[in-house]
Structure formats: C-alpha cells, structure tokens
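Survey of secondary and tertiary structure
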Amino acid sequence: MATRTLIVYPDKDLMIQAGARRFVLTLLDLLSERLPDGGARKRVDVALSGGSAAQPLGLVLSDPLATAIDWSRVHFWWSDERFVPADSTDRNALEARHLLLDDLVADGRLPEANIHEIAPDVRPAEEIAKVTADAESVDEFVRSAADTENDALLDAAARAYEDELTKELGPEPVIDLMILGMGPDGHYASLFPASSGHHEVLVSDRLAVGVSHSPKMPPLRVSLTAPLIARSRRTWFFAAGAGKAESLAHVFAGADKGGDPEYPSSFAGGVDEFTWFSTEETVVKL
Ligand SMILES: O=C(O)[C@H](O)[C@@H](O)[C@H](O)[C@H](O)COP(=O)(O)O
C-alpha cells in the first residue's frame, strides 16, 4: 500500500484545474509505460466518481496534451452509480459523458465499448415512484416488500458489474486509476458510515454491492467495495469544502488505525500511489 500523500491547494477551482492536468499527464504516462518485457501497456482502466471528483473531466480536452492520448486503450468504469433511469441527471455516467466521454466517442477517439456503465433502473417510471414511496411506508409489510424488490435488483446490477469486471480484467480485477470524492460524512463511492445503518464498507467477499436507503440522495445505488478500491494502482481523492474538515481529520486518524467504519474513506488506498487533493479550508483540523 502506498504512503498517503496530501496536496493542499488554496481553493477548489485550482484543485479541479490541477486535477484535470494531472489526469491527462497520468493517462499519457500510463499509456506510455514500458512493461518489464519491453512491450507497451495494452490498456488503462480508470474508475470515476460523481460529484466534484468528476469536475476535472470537463477541462481535459482544453489541455493540449490530451491530443496525444490514445483513448482507444482507455476504459472507463465507475466507483459507484445511482440506481436510476439511464437518462436521469442523477447518473454519474451521464455526467461524465456530458463532461468528456460524448465528445471522445463522437469524434471516434473512444470506442463506446470502452465505457463500462453500472446498470440503470429500467423499471417504468410509475413503478419506480410506487416502490420509492412504499420503501418509506409506515406499514412494515409494504416497506419490506419494497426493500425486497429493490435489494434484488441492486444485487443483480452489482453482480452484472462484477461479471463485467472479471470478464475484462480477470478474477482479481485491478483498476489503474481510481478517482474518488469524499462526502461530508466521510463516505466514498457509495460506502456510507456505520451510524447511518450501513456496513457495506466491511464487505470483503464481493467486488460490487447494492446499497439501499442511502443517506445521500438518490437512495438506491451500486458501489465498488473497499477491497477492490484499495488494490487500485493509483487512487486519488478530491475533497474540498469547510464542511468536510471534521470528517477528513477522522478519516486520516481512522486510516492510521486500519480503517474506521464510521468514516468509510479511511479504508481507501492505492498500491503505487495514494494521493488526497484538498484545499486550505478543508485541512484546518488535521
Ligand atoms: O455517487 C456519488 O454521490 C459520488 O460518487 C459520491 O461518492 C461523491 O464522490 C461524494 O459524495 C462527494 O461528492 P462531492 O465531491 O460532490 O461533495
């Protein structure tokens, strides 16, 4: 596991701009790596997140170096996804497509087959609305039936993603560059604190899991698991905002003790690189 590095920028805008430059250069370097046998890497696999960790994507094509990237060898995955219809503005994949991927696919640089989305919710809108209401019902029977339906669909979506990961990357899949964000409660991907009734961060026998009743809306999600994330070659966190200062201190303290389920980001890591990008106002409690 790589030693944690912390880079602190004066403000979030500079963190995002620097993140975009670093993303382009890192992709270029990974694609240009010479392997021990002297050959070139066949592919680079990147996992994206939603929220501010996705914002650097919108600046990538303004970097002149981006024209040197062979996007045909880059594959995109997600650390987590909201289980909503594919065209919902809540979809992390849709956000990444609007920020970068659509342009790359449109001009033929990135094959659509290199974009590995987590399955969306394909139920009719009226059924989604009904089951969402039922999941919050005061009637325990109604609530339990809704949870059973949602949990089965979420697990199927998680297993389908696991199958795609192992088909593409083998039985012990490794992501080359894992890009994460940290929530104000210390969550990452869709792995939420124990006090919110969530223990998915402790799941060790899966590559992906379904998450319902997420404390961050929308409530239904699929997430990569902590062990898969921790064996990424390079892991980056983008964490900015005064409201995250308290959690960041707990995450770093928890990480130094091997992980704290109350601050799930404390379980993250990277094999060759583990870097946190943050801002002055966010690190005041470290
Ligand atoms: O699907 C999601 O909601 C994200 O993947 C989530 O894990 C996000 O990265 C954090 O909540 C931080 O979001 P911000 O950086 O926007 O605060």
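For clarity, every value in this text was computed on a predicted model and none was experimentally measured. (Residues numbered from 1 in each chain as written. Predicted model: local features only at pLDDT ≥ 70, side-chain atom pairs only at ≥ 80, totals over all residues. Heavy atoms only, no water.)

Here we take up the side chain of Thr225. Along the polypeptide, Thr225 turns up in the loop between β7 (221-224) and α5 (226-230). The exposure class assigned to Thr225 is buried, which follows from its relative accessible area of 0%. (Helix = DSSP H or I, 4+ residues; strand = E, 2+ residues; numbered from the N terminus. Buried < 20%, exposed > 50% of the residue type's maximum accessible area, 1.4 Å probe, protein only.)

It is worth spelling out the packing of helix α3 (residues 125-134) against helix α4 (residues 140-169) at this point. Remark: α3 packs on α4, axes separated minimally by 8 Å, with the N-to-C direction vectors making an angle of 125°. By the criterion of interaxial angle, the relationship of α3 to α4 is oblique. For the pair α3 and α4, the sense of crossing is left-handed. Contacts between α3 and α4 pair Glu127, Val131 and Asp134 from the former with Val142, Arg143, Ala146, Glu149 and Asn150 from the latter. Here the contact of α3 with α4 is composed, by residue class, of three nonpolar, one polar and four charged. (Axes fitted to C-alpha atoms, helices over the stretch in contact; angles between N-to-C directions. Parallel < 35°, antiparallel > 145°, perpendicular 65-115°, else oblique. Left-handed = near helix turned anticlockwise from the far one by under 90°. Contact = heavy atoms within 4.5 Å. Nonpolar A, V, L, I, M, F, W, Y, C, P; charged D, E, K, R; others polar.)

Our focus in this paragraph is the UniProt feature "domain: Glucosamine/galactosamine-6-phosphate isomerase" (unreviewed entry) in the chain. Mapped onto the present numbering, the UniProt feature "domain: Glucosamine/galactosamine-6-phosphate isomerase" (unreviewed entry) falls at residues 11-268. Between the C-alpha atoms that bound residues 11-268 there is a distance of 24 Å. The span itself is 36% helix and 12% strand. (UniProt positions renumbered as here; feature names shortened; annotations may be inferred.)

Moving on: the site of the ligand. Near the ligand there are 15 residues, and of these Ser52, Asp80, His187, Ala189 and Lys244 occur at the shortest range. Within the side chain of Asp80, an N or O atom sits 2.7 Å from an oxygen atom of the ligand. Within the contact set of the ligand, an oxygen atom lies 2.6 Å away from a backbone nitrogen or oxygen of Ala189. Taken together, the residues of the shell around the ligand sort by class into two nonpolar, eight polar and five charged. (Near = heavy atom within 4 Å. Polar contact = N/O pair within 3.5 Å; in protein donor to acceptor, adjacent residues only side chain to side chain.)

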